[in-house]
Amino acid sequence: MEAVIQKFVDSLKHNITDEDVINLEACIDCKLCGDACAWYLGTNDEKLHPTYKTNFVREIYKSYLTLEGKLSAKFGWTQAPTAKDLRERMPFFWNCTACGRCTLSCPVGLSTRRVVRLARMAYSDSGLSEENATLKSIVHNLETVGHSFGLEPTKIMARYALFLCSEGIDMPVDVRDTDILFVCPSAANTKIPDYATKVMKILNASGVNYTVSSQLVETGTEADHIVVHHELTRQILEKWEGEAERLNAKKILVVECGCDTRTLYGDASEILGRPFKFPVIMFDPLISELIEDGTLPIEKVDTSVTLHDPCHSTRLSGMADAIRDLLNRVTTNFVEMTPNQEHNYCCNGGAGGLRLPENTETRRKISSIKANQIADSGADYVCTPCVVCALTLEDTCQTYHLNKNGGDRMSLLLFEVVYDAMVKALAARGELERMRTPSNFVGKSDEYLAEHSVAGKMSQLLHNKELAASILEWLENDDVVKRYAKVNPDVWPQMEKFRQIVNSDVLELCIPRQKPLVKPVMVQ
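The structure reproduced in this document is the subject of the present report. The structure presented is a predicted model; accordingly, all values stated were derived computationally and were not measured.

1. Observations regarding the pairing of strand β6 (residues 331-335)
Right, so step 1: Sheet analysis places strand β5 (residues 301-307) next to β6, joined by four bridges and oriented parallel. Paired with T306 across the strands is V335, a residue of β6.
Right, so step 2: Regarding topology, helix α17 (residues 320-330) serves as the crossover connection from β5 to the parallel β6, and that connection is right-handed.

2. Details of the sheet that holds strand β2 (residues 210-211)
Right, so step 1: Reading across from one edge, β2-β1-β3-β4 is the order of the four strands in this open sheet, with parallel pairing throughout. Two strands lie at the open edges of the sheet, namely β2 and β4 (280-282), each paired on one side alone.
Right, so step 2: Where strand β1 (residues 180-182) and strand β3 (residues 251-254) come together, three bridges link them in parallel fashion. Each residue of the ladder has a partner; that of L181, found in β3, is I252.
Right, so step 3: Along the sheet face, helix α16 (residues 283-292) touches β1, β3 and β4 and points at about 70 degrees away from the line of β4.

3. A short note on the pattern of salt bridges
Right, so step 1: This structure, assessed with the given rule, holds 36 salt bridges.
Right, so step 2: The partner of D325 in a salt bridge is R329, and the shortest N-O contact between them spans 3.1 Å. Taken together, the positions of D325 and R329, both in helix α17 and four residues apart, correspond to about one turn of that helix.
Right, so step 3: Residue R436 is joined to E433 by a salt bridge in which the shortest nitrogen-to-oxygen separation is 2.9 Å.
Right, so step 4: By relative accessible area, which is 37% here, E433 ends up partly exposed.

Calculation notes
- Residues numbered from 1 in each chain as written.
- Predicted model: local features only at pLDDT ≥ 70, side-chain atom pairs only at ≥ 80, totals over all residues.
- Heavy atoms only, no water.
- Pairing = 2+ DSSP bridges.
- Helix = DSSP H or I, 4+ residues; strand = E, 2+ residues; numbered from the N terminus.
- Right-handed = clockwise from strand over helix to strand, strands pointing away.
- Contact = heavy atoms within 4.5 Å.
- Axes fitted to C-alpha atoms, helices over the stretch in contact; angles between N-to-C directions.
- Salt bridge = Lys/Arg side-chain N within 4 Å of Asp/Glu carboxyl O.
- Buried < 20%, exposed > 50% of the residue type's maximum accessible area, 1.4 Å probe, protein only.

Following this line, the structure appears as structure tokens:
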């Protein structure tokens, strides 16, 4: 047996479960799963049909892991798949978002998603996945800098500091004994950190006792759902637990990422071989509770908005009702798209659909289905509680020229709709200052703030002149910073303040100290 085949088969043998065996053995090859798959429906390409993937894995399983198959191959009655076959079939396992919609059409209820993940894991364990440049870079980046897009924690923190300081907003960093540890998904802190600052403003205004970590800037989304590298995912989950233990946080907060929702609610215990150590709470239900008890003031906006259900949050984690509960609390004009909830079509970007550039042409073609859903809703905006979905939907809206609202974007994160409703209420009450300062900074000294505020952390970083020079140069040329500056031109004067701090011998906060207007809220 070829060495690469041996590694692939060893991975299947090690990771296959009883459920996986049923998924492989019980298929009646009716092909009804294709009726639910956007990749097949949008192309009519048999190689993009779910069974093109599952039948190949079944062929490997029967040839190498069953007595019948071994004997059949030995006597030449059948031809067992070769390393060449593995390489030829590999791209098709990433022409798929493992969204699980195909299971809805299966009369036996089999999970193509599990078979696809099993195969991706075997491609990873055999080393074949590293023949793909993007998959190789994800693994390399996680192993070297601990971030799937390759951003160092100092750059991520510096960019947040620039955005927040330019608006006079602070964020708690490495604060001990908080209710919540919040770790931002890598796609969010890479692609939309300017939008994500609204999350901190919502948490500040709500009085939630939270902190972020200066050492952990990765949730493991791409390790678990794109590469399906269980060892790397396990390491990241354990680091997440380790940071919560170091900071003595009570709970973990997951903020609007479909894949992270599925990982923490569904996959973590399988990967770790035990339950995740900390209670996990989701951002959207938490905010609904804070609105319900009056802690977070809201005045509904009239934005006409439809909702895209992230597959990993809704179909695979059961969050549909919680998502709608929050959206109905913040807007008067929510329009359902059809179909919706667990029957909604995938955005086609998750689990590698968006990340792998070779998928772009096909992904845009098949997204005509999603484009029609959005257009038929008649809404001005489409929102979703998932960063990758939002990025993919915006690309779809631009590809199919759907944006009629007069703005730069048609796709929003759900928390952005929450933010608009919150700002409307705070402005009416004259309480916009509530967004500025975290509640756990109440009564703290300047020394404490210098150690634990994002402003203080940035000031410390800037006193390392060699590091500061490279980070300031990176910030000045960063496309996300330039995008942010179009809406918030104060970012450039803030950059000048940063340069002044570099040349100062005094450790100072990047923003004036603010007096919090809300008391800390105990998160149940």
